[in-house]
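Structural overview for review
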Amino acid sequence: MKLIQFLAATIVALGLSTALAQEVPNDLRGILYDIDRAEQQMPSLTPDRGANIKRLQNSLSRTADRLQASANKDHPVWQDATARLDRLNTDLTALAAGRLPGTAPAAEAPAPSVVQVPAPAPAPAQQEIQLISSDVAKLNRLRRNVESSFADMRTGVATDEAQAYLDRLTAIDSQLAAMPQHPDVVAVRGSIAQTVPQLETMIASTPAPQAPQINSGQNAAPTELASADRAKFARLSRNTNGVFEELGALDPILLQPTATVARYENTLAGLRQNQASLISQGHPDVIAVGEMITAAQAILAEKAATAREQVASLGDFMPRFQTIGDKYRGMPEALRAPATLEQADTYLKSMLALSRSQAEDIQFLNDLASRTVLVAQQDMQRMQNWVGFEVLRSIDESLTQTVANMGGWANGTMIAIEFVEQTDPANQNDVVNRLLDQNRYQATLDNLNEGALALRIADGFEQFLKIADAPDRSAQGARLQAALANWPELQAIALRDVRLPQAQSTDPELIAIAKRVLSEPQDVPGGPIARVVVNSDIRSLSEEVGNASTGGSRTTVTVRFTNFVWDEFQVATAEEETPGNFRIYYTTFTYYTAGGRTTPLNRWTVSNRARSTPILAENIND
């Protein structure tokens, strides 16, 4: 697939350009992922999928908390996310009420009207009372418990269930009453206060069982507690009341660990043993304590069953959780110039796959965090931070660096284009000096030849990431084509007077030596030889090289001398580097008859070889 076509297709298919290109704060990115995922799930929800509806409501409740806690409320994305979240909650409320979104509610049988739990105040900084972080966490947990109760009550409350709902809401209200009366706390208590009277009316009209009351031995009773039981019973009464209230307000999610359930079971078993050890077994208060323990055991059994259902709905999530981090350990490095279309295509596919995987994994982690406590909180937070922020930052940095690298490559092409545009073909000296000075000829030619590819790849990445101030690569491409069209004329002008040097010797033996030695692999490769010119006479040279060293306990100096004796000559060759393109090379050949241990003796070798200027084919034999 061509790169530009691939980029265009992936923009539509994945929709990642906004999140990667715009300056969206990290906390809002995570919220947008949650909302996107919820909107994708909505079409599959129907009123009969109560568990899924409730789960999504709970998840969005946490998303709303994060949205309200964001420090970027003035960002346009925050406003958009708020509106989308409101629409989702409205549609979910309709589904929870047994009707499709957008339809009018049907007439319902008389039942307690459930007040919507208010969302947190939009600007906590303006509140007179501030909540510390632990209070905020507690308030969010209690609000979720109230929402869960209200969601259940919307489907209808039987008269024999009213007391359980009342106990649950009363226990939650007691905990809220002990908190600082921040407007958010007051709002949640207000929603409970509007619902409780209706439950009390239902209870008063039916003989529904109520939780046993314990007078702790203070009220009059048909019989007296044995004196040995009074202190023991007072402790038992306090402990039983405490456990009963704690279980009544407990979110079932906290009972997912079997160790937690076992701890409560052991606590209740201990209370039961304490109750059985009392002497005054027939006393009404002792009986009431036993009934309260039984009620607490029933609450624990019910919520533990709910917790087991929650765990079952999670599936086998631990293998995925434990291996999520491993896939991001080897993040692809930014693409560097020069690059091929295939390399750019492979890189972009890899980054898109990572972006898709990151979005799916952070959604999985956020959903998992809202549905289970089986993962240690610090492990969950560490993984959420790694995938939600560090991985996303690495993807952004890699893409940003790649765009910069490709842009720099394209800018190099523009330098070559401007070089051609600024060279005056009417001024031969200017052309010669500019093209043949410091190898500018070859560097400019290389940049021009790579230019079309550089501009194409840079343009592809810039369009994909919607870089607002990107250069007009189409206009630059037109200038490149013009420069390539003008290059042959400038080349001919620059090389018009380039010739091989005058021959200093026509000795056929020297020419044969040069051709034979150059046929061997060289450190500076050339090409097929079109002509050889011996541009220096053969010279006989010698040199004595010495070195000294010290050693031993006494200062001693060792001096060694090496005699080098050799013959040498130089040739200039015209060699065909690519079909139809020739270049001059200067090569020095050496024949040593004496030298050091590593000196090649008694054979001709190349001691120096330099790549020089191009030469036109028609000038080679001049």
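It should be emphasised that the depicted structure is a prediction, and the values quoted were computed from it without experimental measurement.

1. Re the overall build of the protein
When you go through the protein residue by residue, the secondary structure sums to 18 helices and five strands. Residues counted as buried form 41% of the 622 residues belonging to the protein. Sequence-distant contacts, at least 24 apart, represent 75% of the contacts inside the protein between residues at least 6 apart. Accessible surface, the protein as shown: approximately 32,500 Å² in total, 51% of it carbon and sulfur.

2. Details of the pattern of salt bridges
Under the definition given, this model contains 16 salt bridges. The partner of glutamate 397 in a salt bridge is arginine 393, with the nearest N and O atoms 2.9 Å apart. Here the residue glutamate 397 and the residue arginine 393 both occupy positions in helix α14 (residues 377-421), the gap between them amounting to four residues, near one helical turn. Note on glutamate 397: relative accessible area 44%, which makes it partly exposed. Between arginine 473 and glutamate 462 there is a salt bridge, and its shortest N-O distance comes to 2.7 Å. With arginine 473 in helix α17 (residues 473-495) and glutamate 462 in helix α16 (residues 440-464), this residue pair connects regions lying eleven residues apart in the sequence. Given a relative accessible area of 6%, arginine 473 falls into the buried group. A residue is classified by how much of its surface remains accessible, and glutamate 462, at 7% relative accessible area, is buried.

3. A word on α14
Along its 45 residues, α14 runs 64 Å from first to last C-alpha, staying within 8% of the 66 Å computed at 1.5 Å per residue. Tryptophan 386 marks where α14 bends most, by close to 30°.

4. Comments concerning the packing of α14 against α16
Where α14 meets α16, the closest approach of the two axes is 7 Å, and the angle between their N-to-C directions is 140°. Classed by the angle they form, the pair α14 and α16 counts as oblique. Between α14 and α16 lies a crossing of left-handed hand. Of the residues that constitute the contact of α14 with α16, the class distribution is 15 nonpolar, seven polar and three charged.

5. Some thoughts on the nonpolar core
General note: in soluble globular proteins, nonpolar side chains tend to be found buried as a group. Of all hydrophobic cores here, the largest spans 63 residues; its most connected members are Leu365 and Phe461. Secondary structure elements with two or more residues in this core: α13 (341-371), α14, α15 (428-436), α16, α17, β3 (556-578) and β4 (581-594). If one sorts the elements of this core by residue count, α14 sits on top with 15 residues. Tyr264, Leu278, Met292 and Ala304 belong to the second largest nonpolar core, which has 21 residues in total.

6. Digging into helix α7 (residues 162-177)
Under the 1.5 Å per step criterion, the end-to-end length of α7 is 22 Å for 16 residues, consistent within 8% with the ideal 22 Å. Within α7, burial applies to Ala162, Gln163, Tyr165, Leu166, Leu169, Ala171, Ile172 and Leu176.

7. Details of unusual backbone geometry
The step from alanine 337 to proline 338 runs through a cis peptide bond, and the omega angle for that step is -5°. Residue placement: proline 338 occurs in the loop between α12 (318-323) and α13. Of note in the backbone geometry, asparagine 602 takes a positive phi value of approximately 60° without being a glycine. Structurally, the position occupied by asparagine 602 is in the loop between β4 and β5 (604-615).

8. What to know about the packing of aromatic side chains
Given two aromatic rings, their pairing is described by the distance between the two centres and the angle made by the two planes. Inspection of the entire model under this criterion finds six aromatic pairs. Consider the rings of phenylalanine 569 and phenylalanine 589, whose centres lie 5.3 Å apart with planes at 25°: the pair is stacked. In this pair, phenylalanine 569 sits in strand β3 while phenylalanine 589 sits in strand β4, placing the two residues 20 residues apart along the sequence. Neither residue differs from the other here; phenylalanine 569 and phenylalanine 589 are each classed as buried. Linked through ring pairs, Phe569, Phe589, Tyr591 and Trp604 together constitute an aromatic cluster. The cationic tip of arginine 263 hangs over the ring face of tyrosine 264; the distance from NZ or CZ to the ring centre is 4.7 Å. Positioned above the aromatic ring of phenylalanine 364 is the side chain of arginine 320, whose terminal nitrogen or guanidinium carbon lies 4.1 Å from the ring centre.

Cut-offs applied
- Residues numbered from 1 in each chain as written.
- Predicted model: local features only at pLDDT ≥ 70, side-chain atom pairs only at ≥ 80, totals over all residues.
- Heavy atoms only, no water.
- Helix = DSSP H or I, 4+ residues; strand = E, 2+ residues; numbered from the N terminus.
- Buried < 20%, exposed > 50% of the residue type's maximum accessible area, 1.4 Å probe, protein only.
- Contact = heavy atoms within 4.5 Å.
- Areas by Shrake-Rupley, 256 points an atom, 1.4 Å probe, with all protein chains shown as cover.
- Salt bridge = Lys/Arg side-chain N within 4 Å of Asp/Glu carboxyl O.
- Expected span 1.5 Å × (residues − 1).
- Bend = angle between axes of the 7 residues up to and from the residue.
- Axes fitted to C-alpha atoms, helices over the stretch in contact; angles between N-to-C directions.
- Parallel < 35°, antiparallel > 145°, perpendicular 65-115°, else oblique.
- Left-handed = near helix turned anticlockwise from the far one by under 90°.
- Nonpolar A, V, L, I, M, F, W, Y, C, P; charged D, E, K, R; others polar.
- Core = buried A, V, L, I, M, F, W, Y, C linked by side-chain atoms within 4.5 Å.
- Phe/Tyr/Trp six-rings, centres within 6.5 Å; stacked < 30°, edge-to-face > 60°.
- Lys NZ or Arg CZ within 6 Å of the ring centre and 35° of its normal.

Treat this as a map of the structure, not an account of what it does.
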